[in-house]
Amino acid sequence: MNRDLYIDFAKGLATLSIIFIHTAFWSGQFYIIPEIRVFSLVFDVALFYALSGITSGNNIEKTFYRLLKLQITYMIFVTLLFFLDYFFKIFGLTFFSLEWLQSFYSTFGSKYSATSISTAPQWQNLGNWYLHEYRNADTFPVVMGSFWYLKVYFILTVFGVLILKFFPKHVNWFIGLCVALTLLFNIFPEIYPSGQVGYVAFYMTVFLVGNRMRGKKIPTKMIPVLYGLVALALVWMFWYFGNEIFFKINKQKFPPQTPYIIWTLFSLTTLFVLYNRLKITKESFITYIGKNAIFFYFGQGISSSLVYFLVVPMKELMPWWVLMIIIYIINVALAFIIATGLKKFDAFGWKVLEFLRKKTASQN
């Protein structure tokens, strides 16, 4: 079966949007105006969950194998990250001083100050990363700040494939259940549960709706109706919560609350409207990013950390919007270079694991 390039194209655009979001909300905190930072969230992480739903099936073995490969790739990456972070600290302590390292890390702002500068490796951090407890990587703070998505993705995919496998005739009921839970948590915020429940309630809705859209096309006459409903939802949001809610959208994202959910509707509607309507027939830079989205997601965490050191000295030298464009282009270029390197390092890691497997396999 031919690969659907629209999926790769959409993943590529969503990845580029994530890089822009992390450009705006991390180093961008020093110079980008709040309005642009909020608008950057229009095309956000919910798109990945919708695309995952579109591409997911009910084959449990295939899905679990894919998740296992992703987990191993993730572990290879965080192992590399752990040693990069550790060796940089050793370098700083050996050739400079603790004060120099603290000054270096202060570039990220007081909120992301280093917490474990030591000559002894913090092995517990690596173990926690393996188990998806995202303790900060001091040298690359954006990396762990991005990884909340991955934990939710694992949870959604496991429960999603179980629903699709064992309850294929009741998917709509599960969508209704997730919508009901999301409404309940938002109508009565005092009972909004901590942890992953709130995330899964909303994003499972997105995942399952995406799966129901698989192979389908939204009728043309329904398009203005859908966008009209999105517009009405936005009008209601500003009427009910007040205009100041615009500047609080990001705070409504963790966990997803009503204003952020409404904010995502435009991008999700656009994704589904263009699905099976916009025909992508040729490979491109964007589809390449989409095919390698996980490496770009890893890479942008490193690149978005590195651009801090360009922002701080440059932010007084030019208008904010010029600097934003320059930093974003540099961020994308760095993410591309890093993602290419990470892909090669991942291949090397798999070769090492295969070598160990052969050496330790029992001989019959």
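The structure this text deals with has already been given above.
This structure is a prediction, so every number in the text was calculated from the model and none was measured. (Residues numbered from 1 in each chain as written. Predicted model: local features only at pLDDT ≥ 70, side-chain atom pairs only at ≥ 80, totals over all residues. Heavy atoms only, no water.)

**Student:** Account for the overall build of the protein, naming residues and giving values.
**Tutor:** Broken down by element type, the protein carries 16 helices and zero strands. Computed over the C-alpha atoms, the radius of gyration of the protein is 22 Å, within 12% of the 21 Å expected from 2.2 N^0.38 for a compact globule of 364 residues. Taken along the three principal axes of its C-alpha coordinates, the protein extends 70 × 65 × 45 Å. Within the protein, contacts between residues at least 6 apart in sequence are counted, and of these 79% link residues at least 24 apart. Working note: accessible area of the protein is about 18800 Å², and carbon and sulfur atoms make up 68% of it. Here the protein contributes 31 positive and 15 negative side-chain charges, whose respective centroids are spaced 12 Å apart. (Helix = DSSP H or I, 4+ residues; strand = E, 2+ residues; numbered from the N terminus. Rg over C-alpha atoms; globule rule 2.2 N^0.38 Å. Contact = heavy atoms within 4.5 Å. Areas by Shrake-Rupley, 256 points an atom, 1.4 Å probe, with all protein chains shown as cover. Lys, Arg positive; Asp, Glu negative; His and termini not counted. Charge placed at Lys NZ, Arg CZ, Asp CG, Glu CD.)

**Student:** Please set out helix α9 (residues 171-187) residue by residue, giving values where relevant.
**Tutor:** Spanning 17 residues, α9 covers 24 Å between terminal C-alpha atoms, matching the ideal 24 Å at 1.5 Å per step. Of the positions making up α9, those classed as buried are V171, I175, C178, T182, F185 and N186. For α9, the arc enclosing every buried residue in end-on projection is 95°, short of the 170-degree limit, so these residues lie on one face. In α9, the exposed residues that point more than 90 degrees away from the buried face are W173 and I187. For α9, the secondary structure elements touched by its buried residues are α8 (148-166), α10 (197-212) and α12 (258-274). (Expected span 1.5 Å × (residues − 1). Buried < 20%, exposed > 50% of the residue type's maximum accessible area, 1.4 Å probe, protein only. Arc of directions from axis to C-beta.)

**Student:** Just give me the short version of the pattern of salt bridges, but keep the residues and values in it.
**Tutor:** A full pass over the atoms with the stated rule returns seven salt bridges. For E133, the salt bridge is made with R135, and the minimal N-O distance between the two is 3.0 Å. On the basis of relative accessibility, which here comes to 41%, the residue R135 falls in the partly exposed class. Within this structure, D85, K89 and D138 form a network of salt bridges that share partners. (Salt bridge = Lys/Arg side-chain N within 4 Å of Asp/Glu carboxyl O.)

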